[in-house]
Amino acid sequence: MAFASKSSLNLPAKLLIAVALFATLGACGGRTKKVINPPRASMQELAAQANGQWKLSVRLQNFSSVPTQFASVSARLRVDGQDAGDIVLSPAVTVGPEAADVVSTTITPALAAKVTVASALAAGRPVRYTLVGRIVTSEPRGDTPFEYESALNPAPGLNGVMR
C-alpha cells in the first residue's frame, strides 16, 4: 500500500514561512552590542638586571568587546610598600576584544625597592606590588585611572626573575 503525502500548505504559504525564518535568523546574527570597559595594566614579569635596572613586562588588558589602541600608560610602581619608580609607556599597540598583550620597559628602581626585591629573591619568597596610574586609549578614546595590586613570585630556575 503506497501513501501519497500531500502538504496541507500551498507554495505561497511555504515561501512566506521560509522568508520569515531567514529574516529571523538574519536578525540573530546582526550587530553585536559594543561594550566598552576600562582597560588595565599589570606586571607579568620583573627581571633584575646585572646593572641594577629592572626589565619589566607589563600586561595590557582589554575587557571591551571592541579592539582598543593603547596610546600611553603611566603608573607608580610600589613593591612591598616601597616606591620603586615610575613606569611610562607609549606602546601604540592595539589589543583585540577581551584580550591582552605584553610590552616591555626598563626602569632604574629606587634603592629601598631594589633591596626588597633582592631579599625576596634570595629568600625565595613573593613580593606584593601595586600599580597606580592612568591608561590613555586612542581608539576608543579614553583616559582611565587604574589601580592594580597583586604579587610576584620567584620564577624557578630563572635567577633574578619574578613572575
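Scroll up to find the structure this text is about.
Presented here is an overview of the structure given in this document. (Residues numbered from 1 in each chain as written. Predicted model: local features only at pLDDT ≥ 70, side-chain atom pairs only at ≥ 80, totals over all residues. Heavy atoms only, no water.)

## A short note on the pattern of salt bridges
Thinking step 1. The final tally for this structure, using the stated rule, is six salt bridges.
Thinking step 2. The shortest N-O distance in the salt bridge between R78 and D83 comes to 2.8 Å.
Thinking step 3. Judged by relative accessible area, R78 falls into the partly exposed class, the value being 33%.
Thinking step 4. The closest approach of N and O atoms between E149 and R128, which form a salt bridge, is 3.3 Å. Of this pair, E149 sits in strand β8 (residues 141-152) while R128 sits in strand β7 (residues 127-139), and the two are 21 residues apart along the sequence.
Thinking step 5. E149 gets classed as partly exposed once you look at its relative accessible area, which sits at 48%. (Salt bridge = Lys/Arg side-chain N within 4 Å of Asp/Glu carboxyl O. Buried < 20%, exposed > 50% of the residue type's maximum accessible area, 1.4 Å probe, protein only. Helix = DSSP H or I, 4+ residues; strand = E, 2+ residues; numbered from the N terminus.)

## Observations concerning the nonpolar core
Thinking step 1. Ranked by size, the top nonpolar core spans 29 residues in total, and within it M43, W54, L56, V58, L77 and I87 carry the most contacts.
Thinking step 2. When residues in this core are grouped by element, the largest group, five residues, is from strand β3 (residues 68-79).
Thinking step 3. Apart from the residues within four sequence positions on either side, M43 is in contact with L56, S57, V58, L77, I87, Y129, L131 and L152. (Core = buried A, V, L, I, M, F, W, Y, C linked by side-chain atoms within 4.5 Å. Contact = heavy atoms within 4.5 Å.)

## A short note on the sheet that holds strand β2 (residues 54-62)
Two orientations exist for strands paired in a sheet by backbone hydrogen bonds: parallel and antiparallel.
Thinking step 1. On the basis of which strands lie adjacent, the open sheet formed by four strands has the order β6-β2-β1-β9 and antiparallel pairing. The open sheet has two free edges, formed respectively by β6 (99-107) and β9 (161-162), since each of these has just one partner strand. (Pairing = 2+ DSSP bridges.)

## Observations regarding the side chain of T137
Thinking step 1. Along the chain, T137 falls in strand β7.
Thinking step 2. Here the side chain of T137 touches P140 through a polar contact of 2.6 Å, landing on its backbone oxygen.
Thinking step 3. Once you skip the residues sitting within four places of it in the chain, T137 turns out to touch P39, T68, Q69, F70, A71 and G142. (Polar contact = N/O pair within 3.5 Å; in protein donor to acceptor, adjacent residues only side chain to side chain.)

## Things to note about the pairing of β8
Thinking step 1. Examined bridge by bridge, β7 and β8 share twelve bridges and lie antiparallel to one another. By the bridge assignment, L131 is partnered in β8 with Y148.
Thinking step 2. In sequence, β7 turns back onto β8 through a hairpin of one residue.

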